[in-house]
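Understanding the architecture of this molecule
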Amino acid sequence: MEKSRRIDYDYSISKLFTITTILFGILGMSIGVILAFQLAFPSLNNIAGEYGTFSRLRPLHTNAVIFGFALSGIFAAWYYIGQRVLKVSLNESPFLKKVGYLHFILYVITIILAVVTLLMGITTSKEYAELEWPLDILVVIWWVLWGVSIFGLMGIRREKVLYISIWYFIATFIAVAMLYLFNNLEVPTALISGEGSWIHSVSFYSGTNDALVQWWYGHNAVAFVFTTPIIAMIYYFLPKESGQNVYSYKLSILAFWGLLFVYLWAGGHHLIYSTVPDWIQTMGSVMSIILILPSWGSAINMLLTMKGQWEQLQTNTLIKFMVLASTFYMLSTIEGPIQAIKSVNAIAHFTDWIPGHVHDGVLGWVGFMIMAAVLHMTPRMFKRELYSKSILETQFWLQTMGIIMYFSSMWIAGITQGMMWRAYDEYGSLVYSFIDTVIVLKPYYTIRAIGGLLYLTGFLLFAYNIYKTIRVGRVLDKEPVNKTPIYQ
Amino acid sequence: MFSWFEKRPFFFGLLVFVFVSFAGIIEIIPDFAKQSRPTVGTKPYSVLELAGRQIYINESCNSCHSQLIRPFKSETDRYGMYSLSGEYAYDRPFLWGSKRTGPDLMRVGNYRTTDWHENHMLEPKSVVPGSIMPAYPHLFEKSTDMDTAWAEAYTVKKVFSTPYDKDIDGDNKIDVPLGSLEEAKERSLEEAKEIAKKMKNKKVEEMINRGEIPEIVSLIAYLNSLK
């Protein structure tokens, strides 16, 4: 590296995606908090007529956080990390830079249209694939543009060997493309019949097949939006921030290829005791258990990267964010397999334990990692010191408390409800009517809503901290190598 | 072996594709045809029921209600016979849901009435004290988009050979008629009138008299068909 001249990286596109990750994050999380309070206090459902009911807002929440907050964060990280590990600047290719801008513009248009259509009740009903066909086409276009950016940048790279983060970005691109295309195959009804709404479509698959394709997608969209690109991020940002080498190259290979091979099977665990063939349910269950190996492989590789350097937890708040993210990744990747065991699933399925599980993954792992990435990138992109350490520390503890309140209340709620649904009295009749099992959850719904509110508050502090960094942070004359500078 | 791929983006991508597509091919393809075969007696939705199903989807009822009864005694006691694959043959999309914030609705037509639904959708707490379900008063004001419902039925008939205008059970009678858009609208209005007779809401009566079908009536037609 000493021989090569300093490369002047271009962060313009990364900056744009950083802004949208914060904006869509606020949007998606706020709706999440509203939903949580609606469950605890149902009169809140009537705040905005038909547009304010839990049922209308729920798809908006999931789409805003998955495709708004998380994807923006992932793209921001790609346009930052990609150049740096491939040792090539976007300035060297005006074409790739234009592709990047177009990617951003079409992406933002899609998200805005998604918000509008979902509020209007235009949805296909398939979870995380709710968008109707015109929006699906838009998604495909900017996904291809992102692919052009990934492979284009690799085409002009100076560093010949692809770093681990790049593996995970490639996997994200290919797997999501495949999953999205097949799950969203639908026939626009106005095109065939010439009547009715032009935006309406009907699924290519029916009944059990539709369910199978949907959960093959639904589970793995999670894998390839909430797992692989986030691992790509931690493999770059943790070693960079801590100044430590990745613990083991062999472990990264095992974890990467193992994850790809096993993950796609695990979709079957969403369909246990349903009408899909038994062997698929069993495969889903077994593969979910095996999935612990590659998941923990990555997480342990990250934690061991900090070997001998644990005092950085005290001195560097960003390290704290990333280590906690990694820990929550371990928690949710052991919790998921437990829920996939058939006898556990019989109780857990359809209950609040499932959203509880999802949220310790997304709030703890995905949310913390994306925020850590933004905190690492912002000072380097804007050449300013982070605005306030005390705000950052406050944010960290508020959000950590929020997550703990969230998942512990949902564990209790889920298991309570699951057990009540199946309770029989001595005469062989069901003990509880359904509404009994709803009323009992009220305190847990309240705790969860407060937990969510704490997390959102932390996120608003984060947004404020980043805003102030960009506006008034102390100017840095040269780029920090490892630890991100922060005003005490 | 992997280090060879780590220098070649194209082949690396190809290997990734092989790894991720493998599971899907083995999981999904073998039982595909078998699973889409209808159970004896399963019929497609009438146009009015299909319109109601679209409203169910627009309101995302499936966010909180499942339509999948698992083979446990505690579920069959509560909701009725467990689900069979063939019962879903004409469900595009499937509406199993993933969360039961409210109860399962797979066979709700067996134990709830038009009258019950009318009260429930207007004010859930009036029939289920303690309910946390939102009220849906706007369904009593908007009229159903029958064109899109007909378009969907016509599309699945053409593209997926869903048996509309056909004798399914062999009694030499057409089981679920579709016909032209005008015929379907006329027939749906007649069906809607039968349901509206059992309802008390004034707005519903007025709309029906004007020849419009309120969304609530289509939705109830759909819910009543779930058996």
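Residues numbered from 1 in each chain as written. Chains lettered and ligands numbered in written order. Predicted model: local features only at pLDDT ≥ 70, side-chain atom pairs only at ≥ 80, totals over all residues.

Considering the interface of chain B and chain A
If you look at the interface, chain B gives 70 residues, while chain A gives 71 residues. Secondary-structure elements contributing two or more residues to the side of chain B that touches chain A are helix H2 (9-28), helix H3 (32-35), helix H4 (47-58), helix H5 (73-79) and helix H8 (146-160) of chain B. With 12 residues, the top contributor of residues to the side of chain B that touches chain A is H2 of chain B. Of the residues belonging to the side of chain B that touches chain A, the class tally is 35 nonpolar, 19 polar and 16 charged. (Contact = placed C-beta atoms within 7 Å. Helix = DSSP H or I, 4+ residues; strand = E, 2+ residues; numbered from the N terminus. Nonpolar A, V, L, I, M, F, W, Y, C, P; charged D, E, K, R; others polar.)

Considering the packing of helix H10 (residues 292-305) of chain A against helix H12 (residues 317-340) of chain A
Residues and elements named next belong to chain A. Two elements in contact, H10 and H12, have axes separated by 9 Å at closest approach and are oriented at 165 degrees. By the angle between their directions, the pair H10 and H12 is classed as roughly antiparallel. Between H10 and H12 lies a crossing of left-handed hand. Counted together, Ile292, Ser295, Trp296, Ala299, Met302 and Leu303 of H10 and Val323, Ser326, Tyr329, Met330, Thr333, Ile334 and Pro337 of H12 form the full contact between these two elements. (Axes fitted to C-alpha atoms, helices over the stretch in contact; angles between N-to-C directions. Parallel < 35°, antiparallel > 145°, perpendicular 65-115°, else oblique. Left-handed = near helix turned anticlockwise from the far one by under 90°.)

Observations concerning the packing of helix H1 (residues 12-40) of chain A against helix H3 (residues 94-119) of chain A
Residues and elements named next belong to chain A. Where H1 meets H3, the closest approach of the two axes is 10 Å, and the angle between their N-to-C directions is 15 degrees. As the angle between them shows, H1 and H3 are arranged roughly parallel. As H1 runs across H3, the sense of the crossing is left-handed. Note on element contacts: H3 touches H1 through Gly100, Tyr101, Phe104, Val108 and Ile111, opposite Ile13, Leu16, Phe17, Thr20 and Phe24.

Details of the environment of Ala89 of chain B
Mapped onto the elements, Ala89 of chain B comes out in the loop between H5 and helix H6 (114-122). Ala89 of chain B sits in the buried class, given 22 other C-beta atoms within 10 Å. C-alpha of Ala89 of chain B to C-alpha of Thr39 of chain B: the two residues are 50 residues apart in sequence and 7.8 Å apart in space. With near-sequence residues (within four places) excluded, Ala89 of chain B lies in contact with Ser206 and Gly207 of chain A together with Ser36, Arg37, Pro38 and Thr42 of chain B. (Buried ≥ 20, exposed ≤ 12 C-beta atoms within 10 Å, placed from the backbone.)

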